[in-house]
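Coordinate inspection notes
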Amino acid sequence: MKTRHLLPAAALILILCAVSCKKGETVISTYENQIEQKLEQSDSAGVTITQSIEYLESIEGGKTLCSKVNNLIVKFCFGDSYDGYELGPASEDYAASLVDDYRKDAGETFDPDLESYWTYNWSYLMTGRFADSYGDLQTYTVYSENYLGGAHGMQSLIPHVIDLSTGEEVPEEEMFVEDYHEPVAGLIREALQKAWGSPDDPSSTYCMMEEEGMVPNGFFGVSEEGVTWYFQPYVIASYAQGVIEAMVPWYLLKPYLSKKVSKF
């Protein structure tokens, strides 16, 4: 069995970057980790895990706020079971669990008589990024692209909104007034029609999509222009369309915004 850490000092990056979260200017740093694990049965098959995750080195609100935001980022990337973990240990533990899954799943089905081992060459890619913002509301996106031996890989882009004044995640329901769902769904459909064609045109890409899924789904981000909802592959369209975005401008959303958002 061969294990190669392509960035052996990955865990040390956090130390060298001095994740002090002291009160001062807002500084964003990047944690990177890349691991290769060869399959025990063959050096021609293996799994690659690549992680590149932005986090706060410091923020104007101080150490406590910085720690709260970074803890959210850890949970966004690795799940709620990593609540309270530092980014480095969470990354290493999560990667180790992926390697264990690979050794078990790929190892049990490995066929040495295959002419090509491509189906046993798995990969996991994850990037976490601070994206657009609106007032104190900050979008953070987690993009994943995984290949586990099938006909093609799978991708996802999961956005989260953080209130940088409190260090708390903002759920969709707090963004809007009651009974927002149906009218905002109509605005989402209109945004998708502008991007993908008229529903009255049978040849348009829009007509090949599933309108039932074009609703506020909790996967949203904010920017100066408006709110963008994200629809993962297969939710409203085929895999070939990838992750689909629908941006609705603030002025159209204004009648449905909560006081929390209107203050910005």
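See the structure printed just above.
Since we're looking at a predicted model, the values are computed, not measured.

This part takes up the nonpolar core. Counting 29 residues, the largest nonpolar core has Met 175, Ile 188, Val 222, Trp 229, Trp 250 and Leu 253 as its most contacted members. Among the elements of the structure, helix H5 (181–196), strand E8 (220–222), strand E9 (226–231), strand E10 (244–249) and helix H6 (250–253) are those that each provide at least two residues to this core. No other element matches the five residues that H5 contributes to this core. Every residue in contact with Trp 250, bar those within four places of it in the chain, is listed here: Tyr 134, Met 175, Val 222, Ser 223, Glu 224, Glu 225, Gly 226, Val 227, Leu 257 and Val 261. If you look at the next biggest cluster of nonpolar residues, it comprises 22 residues, including Tyr 31, Ile 53, Tyr 55 and Val 74.

This brings us to the packing of aromatic side chains. Following the criterion strictly, the structure yields eleven aromatic pairs and no others. Taken together, a centroid distance of 4.9 Å and an interplanar angle of 70 degrees make the contact between Tyr 82 and Tyr 85 edge-to-face. Classification of Tyr 82 as buried rests on a relative accessible area of 8%. Every member of this aromatic cluster is reached through a ring pair, and the members are Phe 78, Tyr 82, Tyr 85 and Tyr 94.

What counts and how
- Per chain, residues are indexed from 1 in the order of the written sequence.
- Local features in this predicted model are restricted to residues whose pLDDT is 70 or higher, and side-chain atom pairs enter the listing and the counts only when it is 80 or higher, whereas totals over whole chains, interfaces and linings include all residues.
- The basis for the side-chain values is all heavy atoms of the structure; hydrogens and waters are excluded.
- Nonpolar cores were defined as sets of buried Ala, Val, Leu, Ile, Met, Phe, Trp, Tyr and Cys residues, with membership established by side-chain atoms within 4.5 Å.
- Using a 1.4 Å probe on the protein chains alone, a residue whose accessible area is under 20% of its type maximum counts as buried, one over 50% counts as exposed, and one in between counts as partly exposed.
- Each helix is a run of H or I in the DSSP string that is no shorter than four residues. Each strand is a run of E no shorter than two, and both are numbered from the N terminus.
- It only takes one pair of heavy atoms within 4.5 Å for two residues to be counted as in contact.
- Two rings from Phe, Tyr or Trp (for Trp, the six-membered ring) form a pair when their centres sit within 6.5 Å of each other. Planes less than 30 degrees apart are called stacked, planes more than 60 degrees apart edge-to-face, and all others tilted.

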